[in-house]
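Coordinate analysis (summary)
For reference, the chains in residue letters:
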Amino acid sequence: MPDRSTREKFEELQVGIDLHRVIAEISGNEMLHGMLCGILDKCQQYVWTELLWLDEWKLTREEHTGIVDAICAGDVALAGERARAHVRGSRENILRLLQAKSDYQGFFAKAS
């Protein structure tokens, strides 16, 4: 959906973040829910950058759908496996972005 407005992208980003919050909330683990909400609040800019710069919209949608499908089917093991894979993928992407930022800054520092 390349012709979406920035507003539509922000709305989809918010739905994705809210999905994480809801899953943590329905887990019944208040500590997990509180910690995850705090992390999401602090890391939204990274999630936004990951989706926008790396264009991970389709993959993220598919991963979220897979996690929700497993939860709805009552398959705890599969839901956990998919959630862990989703988090690992996002972590790897964010680390790639941070490395690219560092490389960029290093390039210009050497050029000065």
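Anything mentioned here points back to the structure above.
Since the structure is predicted, the reported quantities are computational estimates derived from the model, not experimental observations. The written sequence of each chain sets the order in which its residues are numbered from 1. A pLDDT threshold of at least 70 governs which residues receive local features in this predicted model, and a stricter bar of 80 or more applies before side-chain atom pairs are shown or counted, although totals over entire chains, interfaces and linings include all residues. In computing side-chain values, all of the structure's heavy atoms are included and hydrogens and water are not.

**Things to note about the packing of helix 1 (residues 6–26) against helix 2 (residues 30–53)**
Contact geometry for helix 1 and helix 2: axes closest at 10 Å, N-to-C directions at 155 degrees. In terms of orientation, helix 1 lies roughly antiparallel with respect to helix 2. Both helix 1 and helix 2 take part in a crossing whose hand is right-handed. Contacts from Lys 9, Phe 10, Leu 13, Gln 14, Ile 17, His 20, Arg 21, Ala 24 and Glu 25 in helix 1 reach Leu 32, His 33, Leu 36, Cys 37, Leu 40, Asp 41, Gln 44, Val 47, Trp 48, Leu 51 and Leu 52 in helix 2. Looking at the contact of helix 1 with helix 2 residue by residue, the class counts come to 12 nonpolar, four polar and four charged. The convention used is that axes are lines fitted to C-alpha atoms, helices contributing only their stretch in contact, and that angles between N-to-C directions extend from 0 to 180 degrees. Labels follow the DSSP assignment, with helices taken as runs of H or I lasting at least four residues and strands as runs of E lasting at least two, numbered in each case from the N terminus. Working definition: roughly parallel below 35 degrees, roughly antiparallel above 145 degrees, roughly perpendicular at 65 to 115 degrees, and oblique for all remaining angles. Each crossing is labelled by how the near helix is turned from the far one, with a counterclockwise turn of less than a right angle marking it left-handed and a clockwise turn marking it right-handed. Contact between two residues is taken to exist if any of their heavy atoms lie within 4.5 Å; hydrogens are not considered. When residue character is reported, Ala, Val, Leu, Ile, Met, Phe, Trp, Tyr, Cys and Pro are called nonpolar, Asp, Glu, Lys and Arg charged, and the others, Gly included, polar.

**Description of the side chain of Glu 56**
Along the chain, Glu 56 falls in the loop between helix 2 and helix 3 (57–72). Arg 96 provides the closest opposite charge to the buried, unpaired Glu 56, separated from it by 5.0 Å. Throughout this description, buried means an accessible area under 20% of the type-specific maximum (1.4 Å probe, protein chains only), exposed means over 50%, and partly exposed covers the range between. Positive charges are assigned to Lys and Arg, negative charges to Asp and Glu, while His and the chain termini are left out of the count. Should a side-chain nitrogen of Lys or Arg be within 4 Å of a carboxyl oxygen of Asp or Glu, the pair is scored as a salt bridge.

**Let's talk about the packing of aromatic side chains**
Any two rings among Phe, Tyr and Trp, with Trp reduced to its six-membered ring, count as a pair given centres within 6.5 Å; such a pair is stacked if its planes are under 30 degrees apart, edge-to-face if over 60, and tilted if neither. On inspection of all chains with the given rule, the structure shows zero aromatic pairs. Seen from the ring of Trp 57, Arg 4 lies directly overhead, with NZ or CZ sitting 4.6 Å from the centre. Here, a charge over a ring means that NZ of Lys or CZ of Arg falls within 6 Å of the ring centre while also lying within 35 degrees of the ring normal.

**So, helix 4 (residues 76–111)**
For helix 4, with 36 residues, the first-to-last C-alpha span of 52 Å sits near the 52 Å given by 1.5 Å per residue. Those residues of helix 4 that sit buried are Ala 79, Gly 80, His 86, Ser 90, Asn 93, Ile 94 and Leu 97. Helix span, expected: 1.5 Å multiplied by one less than the number of residues in the helix.

**Concerning helix 3**
Structural remark: α-helix, 3.6 residues per turn; residues separated by three or four positions point the same way. With 16 residues, helix 3 ought to run about 22 Å at 1.5 Å a step, and its terminal C-alpha atoms sit 22 Å apart, in line with that. The set of residues buried in helix 3 consists of Trp 57, Thr 60, His 64, Gly 66, Ile 67 and Ala 70. Residues of helix 3 that are buried make contact with helix 1, helix 2 and helix 4. Once helix 3 ends, the next one or two residues include Gly 74, with phi positive near 75 degrees.

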